[in-house]
Amino acid sequence: MNKLWQKGVLGVLILLVAYNSVYFKKLDEVKATTAGFDGAAYATTFWSEKLTPAMEKGVDLSALLQQLQTNPDQAFATHSHALGIGNIKYFPVKGVATVKNVRENEVQVALDAQPAGTELTIATEYIFGNAVRDASGQIDINAFTNTMDFNTVSAELNNIIRTQVIPPFKGQVKTGDRVEFTGAIELNQKYLNFSSIEIIPVSLSVEKQ
Amino acid sequence: MFKQNTISSLLLCAIFALALFGCKTKEKKDEANKVAIIVSTLNNPWFVFLAEQAKEKANELGYEAKIFDSQNNTAQETDHFENALASGYDAILFNPTDADGSIVNVKNAKIAGVPVFCMDREVNDPDAATSQILSDSYSGSVSIAKKFVESLNKKGNYVEILGMVGDNNTWNRSRGFHSVVDHYPDLKMVAQQSADFDRNKAMEVLESVLQANPDIDAVFCGNDAMAMGAYQALVAAGKADKVKVFGFDGAEDVVNSIQDEKIVATGMQFPAVMAQTAATFADEYFKGKRDFPKKMPVAVELVTSKNVGNYVAYGAKK
């Protein structure tokens, strides 16, 4: 009788342990937790709290272009950002320029002091890639579980530019206007090319002439 | 008396054990560290180059190194990890077959105290590998896609040939590409199929797609081997002059084809940089460093007929 009692208690204990050791969840619930990164929300916060302030402290583009021609190594070391290894580097830049030509995909501009042989455009159509995200120097790839989430941040930042920065600019810009800008440029350190420097804008304000 | 004998025996045992441990430690110190290089496949010249560069750098740093081919099979990869751990390899330079499926292998190595440095492809666990040195596939594909949209003047029918569906690079490239192309409603994707990064499979996939969709304007391929396969299919169908092909990698035959204007563009990856960085990290680990970046992206550069003169296979001209 005593043994039967002991076996009963043991059986109940085993059942209790087994019940508390196994959990059943729907697969889509599990997937939802791994795919739960909200890129749009992250980008909105990053834009207002980190990106915009970083771009306002960017390097003056005229001064940068001069330095790139006289001492490129120092210019890259001092002002560029990149998240890894390679020749592609990004610069947070700011300045004031005069509009030379309004084209379908970009606006050609000229700085007051611009080295000969350089051509500058403000992108208005192809707002893509990681230039803005990486130029800020304010984001850490290691804070993200995988690179897909990390890249979603770029896509969402570009979306903000495409929907909030470009339309009011395109709606009013004309040849001869003055434009105050902040933004990002991408340069290849090994093969520097000054003939087509493209500014991905973060802020644009037009002063009519 | 008994107590004294016991203490003496224990002391003797301790001295003997210390001596044995000392011999073992000394023997390990005198032995060169061994590095295992486990790559997803050697059936693609790009990965052969990656593996050989890693081996060369490990040898140059004074380590014995051996290459293991996983043949795109996670089970085979697991066998290689087990063998490498059992054979006393001290570090693994790793190119995974599957971003999720390979995690367990990396974790087993970590439990065994063997550091793993991922090259080119990542595993979806930020804490498993000691460091992951990865091509910035997304940015590379964004650059290719901009060229793609410009070349097609924002309209046309196209086919996308994907790499292995379990590899993050496949989706980073596809996402980077679509992050641009999908903004243009007149660019219509008529087919999207995987060819596992394989040249022959890509040729077969495109041959089959062309039967149902003969009127295409462009093909975007997730790597250069597939781009060459796609180009072969277009040559066979008599459409090579009309359809624009885009690849990704910077393989020799595609760099040559861009020069000959057979292929429009590719994204130049730098496998030597990734392999050499991984081997250097292993060397630093052996010397005591433990603070490595969890992820180290390597920039990808757009190669077109305008700048192809700056590049050779798998990298920039020196």
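Residues numbered from 1 in each chain as written. Chains lettered and ligands numbered in written order. Predicted model: local features only at pLDDT ≥ 70, side-chain atom pairs only at ≥ 80, totals over all residues. Heavy atoms only, no water.

How should I be thinking about the overall build of chain B in this particular structure?
A count of helices and strands for chain B gives 10 helices and 14 strands. Projected onto its principal axes, the C-alpha coordinates of chain B cover approximately 100 × 40 × 30 Å. Going through the 318 residues of chain B one by one, you find that 53% of them count as buried. For chain B, long-range pairs separated by at least 24 residues make up 74% of all intrachain contacts whose partners lie at least 6 apart in sequence. Between the averaged position of the 33 positive side-chain charges in chain B and that of its 41 negative side-chain charges there is a distance of 5 Å. (Helix = DSSP H or I, 4+ residues; strand = E, 2+ residues; numbered from the N terminus. Buried < 20%, exposed > 50% of the residue type's maximum accessible area, 1.4 Å probe, protein only. Contact = heavy atoms within 4.5 Å. Lys, Arg positive; Asp, Glu negative; His and termini not counted. Charge placed at Lys NZ, Arg CZ, Asp CG, Glu CD.)

I tried to follow the interface of chain A and chain B on my own but got confused; where do I start?
Chain A puts 29 residues into the contact, and the matching count from chain B is 35 residues. The largest per-residue losses of area from chain A upon contact with chain B belong to Ile-85, Tyr-126 and Met-148 of chain A, which jointly make up 26% of the total buried on that side. At the junction of chain A with chain B, the criterion picks out three salt bridges. Glu-104 of chain A is paired through a salt bridge with Lys-154 of chain B; the nearest N and O atoms lie 2.8 Å apart. Seen at the junction of chain A and chain B, the total is 15 residue pairs in polar contact (both at pLDDT 80 or more). Tallying contributions element by element places helix 7 (residues 147-172) of chain A first for the side of chain A that touches chain B, with seven residues. Among the residues making up the side of chain A that touches chain B, the classes are represented as 10 nonpolar, 14 polar and five charged. (Buried area = accessible area lost by both parts, 1.4 Å probe. Salt bridge = Lys/Arg side-chain N within 4 Å of Asp/Glu carboxyl O. Polar contact = N/O pair within 3.5 Å; in protein donor to acceptor, adjacent residues only side chain to side chain. Nonpolar A, V, L, I, M, F, W, Y, C, P; charged D, E, K, R; others polar.)

I'm lost on the pattern of salt bridges in this one. Help?
Oppositely charged side chains can pair when the atoms bearing their charge come close. All chains considered together, the criterion is met by 17 salt bridges over all chains. A salt bridge links Arg-103 of chain A to Glu-119 of chain A, with the nearest nitrogen and oxygen atoms 3.5 Å apart. Remark: Glu-119 of chain A occurs in the loop between strand 3 (106-111) and strand 4 (120-123) and Arg-103 of chain A occurs in the loop between strand 2 (88-102) and strand 3; sequence separation between them is 16 residues. Looking at Arg-103 of chain A, the relative accessible area reads 30%, which means it is partly exposed. We note a salt bridge from Arg-121 of chain B to Asp-167 of chain B, for which the minimum N-O separation is 3.2 Å.

How should the UniProt feature "domain: Periplasmic binding protein" (unreviewed entry) in chain B be read in this particular structure?
Mapped onto the present numbering, the UniProt feature "domain: Periplasmic binding protein" (unreviewed entry) falls on residues 35-289 of chain B. A distance of 17 Å separates the end C-alpha atoms of residues 35-289 of chain B, which is 46% helix and 20% strand. (UniProt positions renumbered as here; feature names shortened; annotations may be inferred.)

Would you mind going over helix 9 (residues 252-259) of chain B with me for this structure?
Along an α-helix, residues three or four apart share an orientation, since each turn contains 3.6 residues. Residue and element names in this part refer to chain B. Within helix 9, burial applies to Val-254, Val-255, Ser-257 and Ile-258. Angularly, the buried residues of helix 9 cover 160 degrees about the axis, an arc narrow enough to put them on a single face. Elements in contact with the buried residues of helix 9: helix 8 (224-236), strand 10 (266-268), strand 12 (301-303) and strand 13 (311-312). Backbone geometry just downstream of helix 9 places Glu-261 in the positive-phi region, at approximately 60 degrees. (Arc of directions from axis to C-beta.)

Can you help me understand the sheet that holds strand 8 (residues 218-221) of chain B in this one?
By way of backbone hydrogen bonds, the strands of a sheet pair with one another, either parallel or antiparallel. Residue and element names in this part refer to chain B. Strand order in the open sheet made by the four strands is 7-6-8-9, with parallel pairing throughout. Because the sheet does not close on itself, it has two edges, and the strands there are strand 7 (187-194) and strand 9 (244-246). Sheet twist, expressed as the average angle between the axes of neighbouring strands with direction ignored, equals 15 degrees. Alignment of strand 8 against strand 9, held across three bridges, turns out to be parallel. (Pairing = 2+ DSSP bridges. Axes fitted to C-alpha atoms, helices over the stretch in contact; angles between N-to-C directions.)

Would you take a moment to explain the side chain of Ser-131 of chain B for this structure?
Residue and element names in this part refer to chain B. Structurally, the position occupied by Ser-131 is in strand 5 (residues 131-135). Polar contacts involving the side chain of Ser-131 include one to the main-chain carbonyl oxygen of Pro-293, which spans 2.5 Å. Once residues within four sequence positions are removed from consideration, Ser-131 is found in contact with Val-116, Phe-117, Cys-118, Phe-281, Phe-292, Pro-293 and Lys-294.

Is there a simple way to explain the packing of aromatic side chains in this structure?
When we look at a pair of aromatic rings, we describe it by the centre distance and by the angle of the planes. Per the counting criterion, the structure on display carries 24 aromatic pairs over all chains. Relative to Phe-281 of chain B, the ring of Phe-117 of chain B lies with its centre 6.3 Å away and its plane at 65 degrees, an arrangement referred to as edge-to-face. Taken as a pair, Phe-117 of chain B in strand 4 (residues 116-120) and Phe-281 of chain B in helix 10 (residues 271-286) lie far apart in primary sequence, 164 residues in all. For the pair Phe-117 of chain B and Phe-281 of chain B, a shared accessibility class is recorded, and that class is buried. An aromatic cluster is present here, built from Phe-37, Tyr-42, Phe-46, Phe-144 and Phe-150 of chain A joined pairwise through their rings. (Phe/Tyr/Trp six-rings, centres within 6.5 Å; stacked < 30°, edge-to-face > 60°.)

It is not clear to me how the packing of helix 4 (residues 61-70) of chain A against helix 5 (residues 72-79) of chain A should be interpreted in this structure. Could you clarify?
Any two packed helices are characterised by the angle at which their axes cross and by the distance between the axes. Residues and elements named next belong to chain A. Here helix 4 crosses helix 5 at 135 degrees, and the two axes come no closer than 5 Å. Between helix 4 and helix 5, the angle is such that the two are oblique. Contact with helix 4, carried on its side by Leu-64, Gln-67, Leu-68, Gln-69 and Thr-70, involves Pro-72, Gln-74, Ala-75, Phe-76 and His-79 of helix 5 and no other residues of that element. Classifying every residue of the contact of helix 4 with helix 5 by side-chain character gives five nonpolar, five polar and no charged. (Parallel < 35°, antiparallel > 145°, perpendicular 65-115°, else oblique.)

Before we go on, may I ask you to explain the nonpolar core in this structure?
If you look at soluble globular proteins, the nonpolar side chains tend to sit buried side by side. Residues Ile-37, Leu-93, Ile-161, Leu-206 and Val-219 of chain B are the most contacted members of the largest nonpolar core, which totals 62 residues. Setting aside anything within four residues of it in sequence, one finds Leu-93 of chain B in contact with Val-35, Ala-36, Ile-37, Ile-38, Ala-54, Phe-117, Met-119, Ala-278, Ala-279 and Ala-282 of chain B. In terms of nonpolar packing, the next biggest core, distinct from the first, is built from 53 residues, Ala-75, Leu-111, Phe-169 and Val-206 of chain A among them. (Core = buried A, V, L, I, M, F, W, Y, C linked by side-chain atoms within 4.5 Å.)

Looking at this structure, I do not really get the sheet that holds strand 3 (residues 91-94) of chain B. What am I missing?
Residue and element names in this part refer to chain B. Within the open sheet, the six strands sit side by side as 2-1-3-4-5-11. Their pairing is parallel. Unpaired on one side and paired on the other, strand 2 (64-69) and strand 11 (295-298) mark the two borders of the sheet. Going across the sheet, the axis of each strand differs from the next one's by a mean of 15 degrees, ignoring polarity. Against the sheet, helix 2 (residues 45-60) touches strand 1 (34-39), strand 2, strand 3 and strand 4, its axis set at about 165 degrees to strand 2.

When you look at the pairing of strand 5 of chain B in this model, what are you seeing that I'm missing?
Successive side chains on a regular strand alternate, one facing one side of the sheet and the next facing the other. Residue and element names in this part refer to chain B. Of all five residues in strand 5, five are buried, a share of seventy percent or more. Side chains Ser-131, Ile-133 and Ser-135 of strand 5 all project onto a buried face; the interleaved residues Gln-132 and Leu-134 project onto the opposite face, where all are buried too. Bridge analysis of strand 4 against strand 5 gives four bridges, and the strand direction is parallel. Each bridged residue has a counterpart across the sheet, and for Cys-118 the counterpart in strand 5 is Gln-132. With four bridges joining them, strand 5 and strand 11 adopt parallel strand pairing. Looking at strand 11, one finds that Ser-135 is bridged to Val-298.

Is there a simple way to think about the packing of helix 3 (residues 74-86) of chain B against helix 4 (residues 103-111) of chain B in this case?
Residue and element names in this part refer to chain B. Viewed as axis vectors pointing N to C, helix 3 and helix 4 meet at an angle of 10 degrees, and their least axial separation amounts to 9 Å. Viewed along their axes, helix 3 and helix 4 adopt a mutual orientation that is roughly parallel. The residues of helix 4 that touch helix 3, namely those facing Thr-74, Glu-77, Thr-78, Phe-81 and Leu-85, are Asn-105, Val-106, Asn-108 and Ala-109. Class assignment of the residues belonging to the contact of helix 3 with helix 4 gives a composition of four nonpolar, four polar and one charged.

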